[in-house]
Structures are given as structure tokens and as C-alpha cells.
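Summary of structural features
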Amino acid sequence: QQQLSRGVPRKTVVVTHHGISPQQTNPQYRGDMLNPAFVSNMERFVELSEAALWISGHTHYDTDLQLGQTRCVSRQCGYTRRQRQQFRSLTVELP
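Residues numbered from 1 in each chain as written. Predicted model: local features only at pLDDT ≥ 70, side-chain atom pairs only at ≥ 80, totals over all residues. Heavy atoms only, no water.

**Details of the overall build of the chain**
Operational definition: Helix and strand labels come from DSSP, where a helix needs a run of H or I of at least four residues and a strand needs a run of E of at least two; each type is numbered from the N terminus. A 1.4 Å probe rolled over the protein chains alone gives each residue an accessible area, and that area as a share of the maximum for its type sets the label: buried under 20%, exposed over 50%, partly exposed in between. Every residue pair with non-hydrogen atoms within 4.5 Å of one another is taken to be in contact. The Shrake-Rupley method, run with a 1.4 Å probe sphere, supplies the accessible areas, and residue values consider only the shown protein chains as cover.
A count of helical and extended segments in the chain gives three helices and four strands. Put simply, the chain runs from its N terminus to its C terminus through helices and strands in the order α-β-α-β-β-β-α. Expressed as a percentage of its 95 residues, the buried residues of the chain come to 31%. Put simply, 41% of the contacts in the chain that link residues at least 6 apart link residues at least 24 apart. A total accessible area of about 6,600 Å² is found for the chain, and carbon and sulfur atoms account for 51% of it.

Structure below.
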């Protein structure tokens, strides 16, 4: 929170490894007791940060969602060689 307060809202990009929202969980695993090992519920914190973009990973499930003013993107390579071969890059444009 202290580091984020140094930045300029709507111009800040944050990159974390751990997922930041339960919404980033693959639907087939929703409600699984191991989900906290992959995602935390930081939704309110992200909303208050007003960062332009928050990039996270660790879920092995692609998501693109909006939390307040913050676009939250997670782009994964996957577990298997086949999934990694199907990986598509993503370009994000900021306002």
C-alpha cells in the first residue's frame, strides 16, 4: 500500500505472481479448499489502488477482469507441453 501510494493512480502497473481475486479461479476448481494456495482475495485492495493495470499469474487459467478502475489480467502458459504450445501472447493498451 505504501509503494502504491507513491505512484500516480491510473498510470501505475502492478505485477504479482499470486492471483489477486477468486474470480481468477478456473471454474472447474471453484470452491476447492486448495484455492487459497493460488489466489487471495485482494479485490478491495486492488480497487482502492486505482492502478491502471494489475498483472498476475499462478492460476494456470487466463482471466481479464475489471476491479474498480483497475484492469486485471492473468495470462498463463499452462501445465503441459501442449498447453504451452497453444499459448497466445496478449498486448494490453493503457489509456
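**Some thoughts on the environment of Val39**
For Val39, the position within the fold is in the loop between β1 (13-15) and α2 (43-49). On the basis of relative accessible area, Val39 is assigned to the buried category, the value being 7%. It is 6.0 Å that separates the C-alpha atoms of Val39 and Ser21, two residues lying 18 residues apart in sequence. Those residues in contact with Val39 that sit more than four places away from it in its chain are His18, Gly19, Ser21, Pro22, Gln24, Thr25 and Thr59.

**Examining unusual backbone geometry**
With phi around 80 degrees, His58 is a residue other than glycine that occupies positive phi space. By the element assignment, His58 lies in the loop between β2 (53-56) and β3 (63-67). One non-glycine residue, His60, adopts positive backbone phi at about 60 degrees. Looking at the element boundaries, His60 is found in the loop between β2 and β3.

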